[in-house]
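# Architecture and fold: a report
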Amino acid sequence: MKKEVLDSKHWQCLTGSMWSEVPGVQVVSWRMLNRLRQESWAIDNLDMMYLDDETLTWAKATGDHENDSTVEFHRDSNNNILENGDTVVIIKTLDVKGSSLSAKLGTVVKNIKLVDDNKEQIEGRVEGQLIVILTKYVRKQS
């Protein structure tokens, strides 16, 4: 799995958004600043930032703030980033485990769903059946 490094300059907008009165914006700002804690500006912002106990508990709930400044993406066979709702084309005939169904080469799968805990898998409907497909066997349709 390839990881993409976060662009530190892009995330400097957190310097303003961290002061939002919306708790959700505060949580995202706090988490992202923690992911960028190798940057001096991010540490400075974290030192200035205040979250009440309830919001801080929410921010820490997923453990996402403990991640480094890289992000994993679902990618197709051509290394294009896949997103929920994309349309993909199957590039190899695949036998579906536990079924007599065979997903044929060239089958278009619309409105895919990313598998959250596995960056190498997506879900999609083929002949009305929801199946899990490995990302290395699909290409994003433009």
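Quick summary incoming for the structure in this document. (Residues numbered from 1 in each chain as written. Predicted model: local features only at pLDDT ≥ 70, side-chain atom pairs only at ≥ 80, totals over all residues. Heavy atoms only, no water.)

Direction vectors running N to C along helix α2 (residues 23–35) and helix α3 (residues 40–48) enclose 140°, while the axes themselves pass 9 Å from each other. One element, α2, and the other, α3, form an angle in the oblique class. Handedness of the α2/α3 crossing: left-handed. Here α2 contributes Trp-30, Leu-33 and Asn-34 to the contact with α3, which in turn contributes Trp-41, Ala-42, Asn-45 and Leu-46. Taken together, the residues of the contact of α2 with α3 break down into 5 nonpolar, 2 polar and no charged. (Axes fitted to C-alpha atoms, helices over the stretch in contact; angles between N-to-C directions. Helix = DSSP H or I, 4+ residues; strand = E, 2+ residues; numbered from the N terminus. Parallel < 35°, antiparallel > 145°, perpendicular 65-115°, else oblique. Left-handed = near helix turned anticlockwise from the far one by under 90°. Contact = heavy atoms within 4.5 Å. Nonpolar A, V, L, I, M, F, W, Y, C, P; charged D, E, K, R; others polar.)

Relative to the helices and strands, His-74 resides in the loop between β2 (70–72) and β3 (88–90). In this structure the side chain of His-74 is engaged in a polar contact, spanning 3.1 Å, whose partner is the backbone oxygen of Asn-118. Not counting the four nearest positions on each side in its chain, His-74 is found in contact with Asn-80, Ile-81, Leu-82, Leu-114, Val-115, Asn-118, Lys-119, Gln-121, Ile-122 and Thr-135. (Polar contact = N/O pair within 3.5 Å; in protein donor to acceptor, adjacent residues only side chain to side chain.)

As a further point, take the sheet that holds strand β9 (residues 129–134). What the 3 strands build is an open sheet, ordered β7-β8-β9; its pairing is antiparallel. At either margin of the open sheet sits one strand with a lone partner, and together these are β7 (113–114) and β9. Taken together, the 6 bridges between strand β8 (residues 121–126) and β9 define a ladder with antiparallel strand orientation. Across the sheet, Arg-125 pairs through a bridge with Leu-130, a residue of β9. (Pairing = 2+ DSSP bridges.)

Let us now look at the pattern of salt bridges. Using the criterion set out here, one finds 1 salt bridge in the structure. For Lys-140, the salt bridge identified is with Asp-86, shortest N-O distance 3.3 Å. You can see Lys-140 sitting in strand β10 (residues 138–140) and its partner Asp-86 sitting in the loop between β2 and β3, a full 54 residues away along the chain. On the accessibility criterion, Asp-86 (14% relative accessible area) is buried. (Salt bridge = Lys/Arg side-chain N within 4 Å of Asp/Glu carboxyl O. Buried < 20%, exposed > 50% of the residue type's maximum accessible area, 1.4 Å probe, protein only.)

Moving on, we get to the packing of α2 against helix α4 (residues 53–60). As a packed pair, α2 and α4 sit with axes 9 Å apart at the nearest point and diverge in direction by 50°. What the angle tells us is that α2 and α4 run oblique. You can see that α2 and α4 cross each other, and the crossing is right-handed. Of the residues in α4, those in contact with Pro-23, Gly-24, Gln-26, Val-27, Trp-30 and Arg-31 of α2 are Thr-55, Leu-56, Trp-58, Ala-59 and Lys-60. Class assignment of the residues belonging to the contact of α2 with α4 gives a composition of 6 nonpolar, 3 polar and 2 charged.

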